Amino acid sequence: SYNASLGFAQGGIVSLVSKSGSSTWRGNAFGFFRDEALDARNYFATVKPDLSRQQVGGSLGGPTPVKNAFFFTNYEKVRIREGVTLGTTVPTAAQRGGDFSGLSTVIRDPLTGLPFPGNVIPSSRFNAQGAGIVNAFYPDPTNTAATRNFIHNPELVQDLHLGTGRVDWNPRAADSFMARYQIYWDDQVNPNVAG
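Residues numbered from 1 in each chain as written. Predicted model: local features only at pLDDT ≥ 70, side-chain atom pairs only at ≥ 80, totals over all residues. Heavy atoms only, no water.

Student: How do you make sense of the sheet that holds strand β3 (residues 69–83) when you look at a structure like this?
Tutor: In a beta sheet, neighbouring strands are held together by backbone hydrogen bonds and run either parallel or antiparallel to one another. Sheet architecture is open: five strands sit in the order β1-β2-β3-β6-β7, paired in antiparallel fashion. Two strands bound the open sheet, and with one partner strand each, they are β1 (26–35) and β7 (175–189). Adjacent strand axes in the sheet meet at a mean angle of 5° when their direction is disregarded. As judged from the 10 bridges shared by β1 and strand β2 (residues 51–63), these two strands associate in the antiparallel manner. (Pairing = 2+ DSSP bridges. Helix = DSSP H or I, 4+ residues; strand = E, 2+ residues; numbered from the N terminus. Axes fitted to C-alpha atoms, helices over the stretch in contact; angles between N-to-C directions.)

As structure tokens, this is what we get:
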């Protein structure tokens, strides 16, 4: 718990520290790779989706030409191409034609309040715009299940760039200056159920 001098914090205090350079050159590099060969198929997926994840980066720090000044910089890139398994319930071909006889729910005429005979809405009562929306935005089912009758594997695409640059200058023992620049850049294509 933090003391009262930090006051007015609703949820907590976050303290960040960034690394600084030193009088000697130091650095590192790393790489990480993962693909679908080591993964199991998702329980709901009909096929094992593709996966490609690469994560690379590195850091470098050291002295600058200015006396008692040091720099530190790092960069990381994450590239993900991943098939995700999504499922939902979409109207069947019969339901698109107004036939809801397979449902236990009674379909009522909104004008009279009476049930449609046999739970079938006559095509003469279809709204052209509504039918167009159903045909444009709902894909055809991929299986015959009563629920989750549409399952597919679109691809999630993500390119993430993270970087930091920092310069420290200590002209005297009592003085210290620091400047930092950070970048976070994330491009994503996040598919929805319709693709």
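The rest of the description comes next.
Student: For this particular structure, what's the right way to read the layout of surface pockets?
Tutor: Summary: where empty space remains is shown by rolling a probe the size of a single water molecule over the atoms. Each pocket or cavity is described by its volume, and for the largest pocket that value is around 280 Å³. The wall of the largest pocket is formed by 14 residues, among which Gln-95, Arg-96, Phe-100, Phe-126 and Val-134 lie closest to the centre. Elements that contribute at least two residues to the lining of the largest pocket include exactly α1 (93–96) and α2 (128–137). It is α2 that provides the largest number of residues to the lining of the largest pocket, a total of four residues. Its residues assigned to classes, the lining of the largest pocket shows seven nonpolar, five polar and two charged. Around the second largest pocket, the lining is made up of 16 residues, and of these Thr-92, Gln-95, Gly-102, Leu-103 and Ala-146 lie nearest the centre. (1 Å grid on protein atoms, 1.4 Å probe; cavity = no way out; pocket = protein on both sides within 12 Å on 5 of 7 lines; lining within 4 Å. Points joined across faces, edges and corners; volume = space filled by probe spheres on them. Nonpolar A, V, L, I, M, F, W, Y, C, P; charged D, E, K, R; others polar.)

Student: Looking at this structure, how should I read α2?
Tutor: Every α-helix winds through 3.6 residues per turn, so residues three or four apart in the chain are directed the same way. Of all 10 residues making up α2, only zero are buried, and the element is barely covered by its neighbours. The backbone nitrogen of Gln-129 has a side-chain oxygen 2.8 Å away, supplied by the residue at the start of α2, namely Asn-127. (Buried < 20%, exposed > 50% of the residue type's maximum accessible area, 1.4 Å probe, protein only. Polar contact = N/O pair within 3.5 Å; in protein donor to acceptor, adjacent residues only side chain to side chain.)

Student: Teacher, can you tell me more about the pattern of salt bridges here?
Tutor: Oppositely charged side chains may form a pair once their charged atoms are brought near each other. Evaluated as defined, the whole model comprises six salt bridges. Residue Asp-159 pairs with Arg-81 through a salt bridge whose shortest N-O separation is 3.2 Å. Note that Asp-159 is positioned in strand β6 (residues 155–172) and Arg-81 in strand β3, a separation of 78 residues in sequence. The exposure class assigned to Arg-81 is buried, which follows from its relative accessible area of 17%. One salt bridge connects Asp-109 with Arg-125, and the closest N-O pair in it is separated by 2.6 Å. Of the two residues, Asp-109 sits in the loop between α1 and α2 while Arg-125 sits in the loop between α1 and α2, which places them 16 residues apart along the sequence. (Salt bridge = Lys/Arg side-chain N within 4 Å of Asp/Glu carboxyl O.)

Student: It is not clear to me how the packing of aromatic side chains should be interpreted in this structure. Could you clarify?
Tutor: Describing an aromatic ring pair means giving the distance of the ring centres and the angle of the ring planes. A complete count under the given rule lists two aromatic pairs for this structure. Taken together, a centroid distance of 5.6 Å and an interplanar angle of 65° make the contact between Trp-25 and Phe-71 edge-to-face. With Trp-25 in the segment before β1 and Phe-71 in strand β3, this residue pair connects regions lying 46 residues apart in the sequence. For the pair Trp-169 and Phe-177, a centre-to-centre distance of 5.6 Å together with 25° between the ring planes defines the contact as stacked. On the basis of relative accessibility, which here comes to 47%, the residue Phe-177 falls in the partly exposed class. (Phe/Tyr/Trp six-rings, centres within 6.5 Å; stacked < 30°, edge-to-face > 60°.)

Student: Please explain the environment of Ser-20 as it appears in this structure.
Tutor: Its place among the elements puts Ser-20 in the segment before β1. Here Ser-20 falls in the partly exposed class, since its relative accessible area comes to 34%. Along the backbone, Ser-20 and Gly-62 are 42 residues apart, and their C-alpha atoms lie at a distance of 8.6 Å. In this view, Ser-20 contacts Phe-72, Arg-166 and Asp-168; residues no more than four positions away in its chain are not counted. (Contact = heavy atoms within 4.5 Å.)

Student: Looking at this structure, how should I read the pairing of β6?
Tutor: A regular strand places its side chains on the two faces of the sheet in alternate fashion. Of the strand pairs in this sheet, β3 and β6 are connected by 15 bridges, and their pairing is antiparallel. In the sheet register, Val-78 faces β6, and the bridge partner there is Leu-160. Here 14 bridges tie β6 to β7, and the two strands are oriented antiparallel to one another. What sits directly across from Asp-159, in β7, is Asp-187. If you look at the hairpin formed by β6 and β7, you'll find two residues sitting between the two strands.

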